[in-house]
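Below, each chain spelled out in residue letters.
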Amino acid sequence: MQTKEMRLRRIQHLAHDIMDEMNARKEIRQFDTLIPVIDNLARAIGDLSDPLGDYSLDYIEEKVENAHFLLFKNKNRIQFHS
């Protein structure tokens, strides 16, 4: 079982990977790819920004993983092991 800190570090790494990919590409991406990526990231941020601090790490992890998968089509799957 991974600790909360390890899970957050993995989420952070996935988000940075997405950010790097979005900034590195010169050609325009298809909207049918970008819309679900943005939707998943927005949902993760929305959950994380709950003013009461009541968020689900499972939900955030799922949404960021979905966004990463949609952008990379599972080519660069990032694995962290304890």
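Our subject is the structure that appears above.
Residues numbered from 1 in each chain as written. Predicted model: local features only at pLDDT ≥ 70, side-chain atom pairs only at ≥ 80, totals over all residues. Heavy atoms only, no water.

Quick word on helix H1 (residues 4-24)
Counted at 1.5 Å a residue, the expected span for H1 with its 21 residues is 30 Å, and the 30 Å between its end C-alpha atoms agrees. Looking only at H1, the buried set comprises Arg7, Arg10, Ile11, Leu14, Asp17, Ile18 and Glu21. In a view along the axis of H1, the buried residues occupy a sector of 120°, so they form one face of it. What points out from H1, more than 90 degrees from its buried face, is the exposed set Glu5, Arg9, Asp20, Asn23 and Ala24. On the buried face of H1, the contacting elements are helix H2 (31-48) and helix H3 (57-72). (Helix = DSSP H or I, 4+ residues; strand = E, 2+ residues; numbered from the N terminus. Expected span 1.5 Å × (residues − 1). Buried < 20%, exposed > 50% of the residue type's maximum accessible area, 1.4 Å probe, protein only. Arc of directions from axis to C-beta. Contact = heavy atoms within 4.5 Å.)

A short note on the packing of H2 against H3
Close contact between H2 and H3 brings their axes to 8 Å; oriented N to C, the two are set at 160°. Judged by the inter-axis angle, H2 sits roughly antiparallel to H3. Seen from above, H2 lies across H3 with left-handed handedness. Residue-level inspection shows Thr33, Pro36, Val37, Asn40, Leu41, Arg43, Ala44, Asp47 and Leu48 of H2 in contact with H3, the latter providing Tyr59, Ile60, Lys63, Val64, Asn66, Ala67, Leu70 and Leu71. Within the contact of H2 with H3, the residues separate by chemical class into 11 nonpolar, three polar and three charged. (Axes fitted to C-alpha atoms, helices over the stretch in contact; angles between N-to-C directions. Parallel < 35°, antiparallel > 145°, perpendicular 65-115°, else oblique. Left-handed = near helix turned anticlockwise from the far one by under 90°. Nonpolar A, V, L, I, M, F, W, Y, C, P; charged D, E, K, R; others polar.)

What about the layout of surface pockets?
Here the largest pocket is characterised by a volume of approximately 260 Å³. What lines the largest pocket is simply Leu8, Ile11, Gln12, Ala15, Ile18, Met19, Leu41, Ala44, Ile45, Leu48, Ile60 and Val64. When contributions to the lining of the largest pocket are tallied by element, the ones reaching two or more residues are H1, H2 and H3. Per-class residue counts for the lining of the largest pocket are 11 nonpolar, one polar and no charged. (1 Å grid on protein atoms, 1.4 Å probe; cavity = no way out; pocket = protein on both sides within 12 Å on 5 of 7 lines; lining within 4 Å. Points joined across faces, edges and corners; volume = space filled by probe spheres on them.)

Some words on the pattern of salt bridges
The final tally for this structure, using the stated rule, is four salt bridges. We note a salt bridge from Glu61 to Arg7, for which the minimum N-O separation is 2.7 Å. Taken together, the positions of Glu61 in helix H3 and Arg7 in helix H1 put the pair 54 residues apart, joining distant regions of the chain. Measuring nitrogen to oxygen at the nearest pair gives 2.5 Å for the salt bridge that ties Glu65 to Arg10. (Salt bridge = Lys/Arg side-chain N within 4 Å of Asp/Glu carboxyl O.)

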